[in-house]
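For reference, the chains in residue letters:
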Amino acid sequence: MADYHCRSLRRAVNAFLDPCPAPSAPAPGPAAPVFLIGMMGAGKTTIGRALARALGRRFVDVDQLIEERCGVRIPTIFELEGEAGFRRRETGAIDECSRMEGVVLATGGGAVLSAENRRLLAQRGIVIYLRARAEELYQRTRHDRNRPLLQTADPLGRIVELLAQREPLYEEVADVVVDTGRSSVPRLVQRILPLLQQCGKPVVAAAELPPLENP
Ligand SMILES: Nc1ncnc2c1ncn2[C@@H]1O[C@H](COP(=O)(O)OP(=O)(O)OP(=O)(O)O)[C@@H](O)[C@H]1O
Ligand SMILES: O=C(O)C1=C[C@@H](O)[C@@H](O)[C@H](O)C1
Ligand SMILES: [Mg+2]
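Residues numbered from 1 in each chain as written. Chains lettered and ligands numbered in written order. Predicted model: local features only at pLDDT ≥ 70, side-chain atom pairs only at ≥ 80, totals over all residues. Heavy atoms only, no water.

Going by the annotation in an unreviewed UniProt entry, the name recorded for the protein is Shikimate kinase, with Pigmentiphaga soli given as the source organism. Turning to the protein, the UniProt record has this under Subunit (unreviewed entry): "Monomer." According to the UniProt record, the Subcellular location (unreviewed entry) comment for the protein reads "Cytoplasm". (UniProt positions renumbered as here; feature names shortened; annotations may be inferred.)

Here's what the structure looks like:
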């Protein structure tokens, strides 16, 4: 079975059946934003940076932006404001960054938990789900203390749990699914580039969006 698929055909059929299609959705432009989603350790930050370099585009990481704005690391935000506080900041940052023309955006692993985030991502850009198995995610994250949800006695068990909960949400919002497996980062970038070309998804341009709620 192919390790990726593009959902633009289904969207095109839905748009055809929809009696009131969005009047202003433009044809896909070369600068449609690219959003990377997936679990902690999927490689969103690492592959996102390399992909942006290959495309000559700007790279933004939602987690890093939140940390820069707050002046503290994510575990401290969780300690002070709880996960709910972090999620509010995350939605604000996704709303802001998903308006950036041509951006390659690495989201946080839990971005898809919010229906609002899923809507923003699906509407505004090409969404790539970087998929990996629980054991791989565990190996890639086990030495990093900056992921508060994995600071438990059984991080692998936690990853299995989170993956089961989130997999349908990643699948729901993804235009393209890429199995990362044992592929190297440069190889993954080379696999993603043609998929972006083929995807052909219409996205809503930033100029057509309502203003940011809390600029
Ligand atoms: N395809 C890959 N092969 C080998 N190592 C990888 C691969 N992708 C990512 N890694 C490594 O896994 C670790 C985690 O990757 P990264 O930080 O990019 O994940 P992430 O998806 O951004 O996670 P988070 O949601 O926590 O921000 C890094 O050390 C990175 O170098
Ligand atoms: O998977 C998650 O819920 C998270 C992933 C990270 O990217 C950070 O956004 C944060 O640690 C939460
Ligand atoms: Mg990251």
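Student: Honestly, the site of ligand 2 in this entry has me stumped. Any pointers?
Tutor: The immediate surroundings of ligand 2 are formed by Met 40, Asp 63, Ile 74, Phe 86, Arg 87, Gly 108, Gly 109, Gly 110, Pro 148, Leu 149 and Arg 166. Between ligand 2 and Gly 110, the relevant distance is 3.3 Å, taken from an oxygen atom to a main-chain nitrogen or oxygen of the residue. Protein contact buries 96% of the 310 Å² of open area that ligand 2 shows by itself. Broken down by element, the residue count for the shell around ligand 2 peaks at 3 residues, all from helix 4 (residues 74-97). (Near = heavy atom within 4 Å. Polar contact = N/O pair within 3.5 Å; in protein donor to acceptor, adjacent residues only side chain to side chain. Areas by Shrake-Rupley, 256 points an atom, 1.4 Å probe, with all protein chains shown as cover. Helix = DSSP H or I, 4+ residues; strand = E, 2+ residues; numbered from the N terminus.)

Student: Please clarify how the sheet that holds strand 2 (residues 59-61) should be interpreted in this entry.
Tutor: Within a sheet, adjacent strands bond to each other through the backbone by hydrogen bonds, running parallel or antiparallel. An order of 2-3-1-4-5 is seen for the 5 strands of this open sheet, with the pairing classed as parallel. Each of the sheet's edge strands pairs with one partner strand only, and the pair in question is strand 2 and strand 5 (176-179). Between one strand and the next, the sheet's axes are offset by a mean angle of 20°, whatever the strand orientation. The pairing of strand 2 with strand 3 (residues 104-106) spans 3 bridges and is parallel. Bridged to Val 60 within strand 3 is Leu 105. Packed onto the sheet, helix 3 (residues 62-70) meets strand 2 and strand 3 and runs at close to 70° relative to strand 2. Those strands touched by helix 7 (residues 155-173) are strand 1 (34-37) and strand 4 (126-131), and its axis lies near 150° from that of strand 4. (Pairing = 2+ DSSP bridges. Axes fitted to C-alpha atoms, helices over the stretch in contact; angles between N-to-C directions. Contact = heavy atoms within 4.5 Å.)

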